[in-house]
Amino acid sequence: MADSCDAKSKGEVRIHDSKGEVRIHDSKGELRIHDSIDELCLDLADYVAELSEAAVKERGFFAIALSGGSLISLMKKLCEPPYHKTVDWAKWHIFWVDERVVAKNHPDSNYKLAKDGLLSKVPIVPSHVYSINDSLTAEAAAEEYEFVLRQLVKTRTVAVCESCDCPGFDLILLGMGPDGHIASLFPNHPILDEKDEWVTFITDSPKPPPERITFTLPVINSAANVAIVVTGGEKADAIHLAIGDEMATHGLIPAHLVAPSHGNLVWFLDMAAASKIVDSSQSTDS
Ligand SMILES: O=C(O)[C@H](O)[C@@H](O)[C@H](O)[C@H](O)COP(=O)(O)O
């Protein structure tokens, strides 16, 4: 049984905008304003490459879990020089934080999205890519994904969290929806309270398609590093709730529940997504 880890970590917040880079320390960590989406992509590639190098040096592996959505396109710089040569791709072990229960060649598949947008462009080892069994029901696919993950924790390909028996991924990359969902953990959904399973499933996702498997919060919060990558003004309110101090009056949203027990949390935001938590006086033009 997975013990739930208490959330202790604070997050570092990096915002990317045409105004340059500003770092502001607040209750949730560091706020960082960069040049544009392109700067965000460069910073994200640097961040991932550095974590990969450190994990490979320390453990011989880099266990990373990907989300779907715009995250994959924001990882594009990793497919370009120097990263396509300098990253030790053969040591990567790639998982999905959540996956739609559709065929792996279906347009809605997060595996297809990552394969087309990243994995087919870098020299990863195909047997190190852990996609779901797309011939199973959502429940069975979640059970089988957890079984595969448990085998890789046994071999320490995926580390174990210091204070609970959860897998300790080297990096979990999340997106966030306008409602503040992360992975396939949606507001007010009972699986937010799941504390025993590492991987669970839903059949009523408010974001189509309805059937998905997803890591649970204890697994996300057991990672050594979590990054939440959010762009676009339609998410500004959710960012305000997730990072701003006023969230107590608005209730908790899933993104606010991401608080790694021993790991580091970094928010990568563009200015549009961050528009409700910073004012223009904090840009480097001032
Ligand atoms: O499978 C999924 O749908 C994703 O994992 C989901 O959690 C995504 O990360 C957010 O919905 C943000 O998606 P966008 O970045 O495309 O808005």
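Details of the structure are given in the entry above.
Note that the coordinates shown come from a computational prediction; the quantities given were computed from them, not determined experimentally.

Undergrad: Looking at this structure, I do not really get the pairing of strand β12 (residues 225-230). What am I missing?
TA: Working note: regular strand, side chains alternate between the two faces of the sheet. Counting buried positions along β12 yields six of six residues, so the element is predominantly enclosed. Here β12 shows two buried faces, one formed by Asn225, Ala227 and Val229 and the other by Val226, Ile228 and Val230. Sheet topology places β12 next to strand β13 (residues 264-270); six bridges connect them, and they run parallel. Paired with Val229 across the two strands is Phe268, which belongs to β13.

Undergrad: Just to check I follow, could you spell out the environment of Val278 for this structure?
TA: For Val278, the location among the structural elements is in the segment after α8 (271-274). Val278 sits 263 residues away from Ile15 along the chain, and the two C-alpha atoms are 9.4 Å apart.

Undergrad: So what exactly am I meant to see when it comes to the environment of Leu74 here?
TA: Checked against the element boundaries, Leu74 lands in helix α2 (residues 71-74). According to the relative accessible area criterion, Leu74 is buried, its value standing at 6%. As a C-alpha pair, Leu74 and Cys41 span 33 residues in sequence and 5.3 Å in three-dimensional space. If we skip the residues at most four places from it in the chain, Leu74 touches Ile37, Leu40, Cys41, Leu44, Val229 and Thr231.

Undergrad: For this particular structure, what's the right way to read the packing of aromatic side chains?
TA: Working definition: an aromatic ring pair is given by the centre-to-centre distance plus the angle between the planes. According to the stated counting rule, one finds eight aromatic pairs in the structure shown. Between Phe95 and Phe169, the ring centres sit 5.1 Å apart and the planes meet at 80°, which makes this aromatic pair edge-to-face. Of this pair, Phe95 sits in strand β5 (residues 92-96) while Phe169 sits in the loop between β8 (167-168) and β9 (171-174), and the two are 74 residues apart along the sequence. Of the residues examined, Phe169 reaches a relative accessible area of 0% and is grouped as buried. The cationic tip of Lys104 hangs over the ring face of Tyr111; the distance from NZ or CZ to the ring centre is 5.6 Å. Across the ring face of Trp198, the terminal group of Arg150 is positioned such that the distance to the ring centre comes to 3.9 Å.

Undergrad: Just checking my understanding: could you explain the pattern of salt bridges for this structure?
TA: Opposite charge on two side chains lets them pair, provided their charged atoms get close. Overall, the coordinates contain eight salt bridges when judged by the stated rule. Its salt-bridge partner being Lys91, residue Asp88 comes within 3.1 Å of it at the nearest N-O pair. Judged by relative accessible area, which is 31%, Asp88 ranks as partly exposed. Look at Lys91 and you get partly exposed, because its relative accessible area is 32%.

Undergrad: Can you walk me through the site of the ligand in this structure?
TA: Close to the ligand lie 14 residues, the nearest being Ser70, Asp98, His181, Ala183 and Lys235. At 2.7 Å, a side-chain N or O of Asp98 approaches an oxygen atom of the ligand. The separation between an oxygen atom of the ligand and a polar side-chain atom of His181 is 2.6 Å. Protein chains shield 90% of the accessible area of the ligand, which is 420 Å² for the free molecule. Counted by class, the shell around the ligand contains two nonpolar, seven polar and five charged residues.

Undergrad: Teacher, can you tell me more about the sheet that holds strand β6 (residues 98-100) here?
TA: What holds strands together in a sheet is hydrogen bonding between their backbones, with the strands either parallel or antiparallel. The three strands lie next to each other as β6-β11-β10, forming an open sheet whose pairing is antiparallel. Strands with a single pairing partner mark the edges of an open sheet, and in this sheet they are β6 and β10 (199-202). With strand direction ignored, the average angle separating the axes of adjacent strands in the sheet is 20°. The pairing of β10 with strand β11 (residues 212-215) spans four bridges and is classified as antiparallel.

Undergrad: Is there a simple way to think about the pairing of β11 in this case?
TA: By the alternation rule, side chains of β11 split into Arg212 and Thr214 and Ile213 and Phe215, which are all buried. Taken together, the three bridges between β6 and β11 define a ladder with antiparallel strand orientation. Looking at the pairing, Arg100 lines up with Arg212 of β11.

Undergrad: Please explain unusual backbone geometry as it appears in this structure.
TA: Trans is the common state for peptide bonds, and a negative phi is the common state for residues other than glycine. With omega at -5°, the peptide bond leading from Pro81 into Pro82 counts as cis. One can find Pro82 in the loop between α2 and α3 (83-86). In this model, Arg156 sits at a positive phi of 60°, which is unusual for a non-glycine residue. Structurally, Arg156 is set in the loop between α5 (138-154) and β7 (159-160).

Undergrad: Explanation requested: the side chain of Thr214 in the structure shown.
TA: Residue placement: Thr214 occurs in strand β11. Under the relative-accessibility criterion, Thr214 is labelled buried at 1%. A distance of 3.2 Å separates a polar atom in the side chain of Thr214 from the backbone nitrogen of Ser184. Leaving out residues up to four positions away in the same chain, Thr214 has contacts with Val97, Asp98, Ala183, Ser184, Leu185, Ile191, Trp198, Val199 and Thr200.

The rules behind the values
- Residues numbered from 1 in each chain as written.
- Predicted model: local features only at pLDDT ≥ 70, side-chain atom pairs only at ≥ 80, totals over all residues.
- Heavy atoms only, no water.
- Buried < 20%, exposed > 50% of the residue type's maximum accessible area, 1.4 Å probe, protein only.
- Helix = DSSP H or I, 4+ residues; strand = E, 2+ residues; numbered from the N terminus.
- Pairing = 2+ DSSP bridges.
- Contact = heavy atoms within 4.5 Å.
- Phe/Tyr/Trp six-rings, centres within 6.5 Å; stacked < 30°, edge-to-face > 60°.
- Lys NZ or Arg CZ within 6 Å of the ring centre and 35° of its normal.
- Salt bridge = Lys/Arg side-chain N within 4 Å of Asp/Glu carboxyl O.
- Near = heavy atom within 4 Å.
- Polar contact = N/O pair within 3.5 Å; in protein donor to acceptor, adjacent residues only side chain to side chain.
- Areas by Shrake-Rupley, 256 points an atom, 1.4 Å probe, with all protein chains shown as cover.
- Nonpolar A, V, L, I, M, F, W, Y, C, P; charged D, E, K, R; others polar.
- Axes fitted to C-alpha atoms, helices over the stretch in contact; angles between N-to-C directions.

All we've got here are geometric facts, nothing functional implied.
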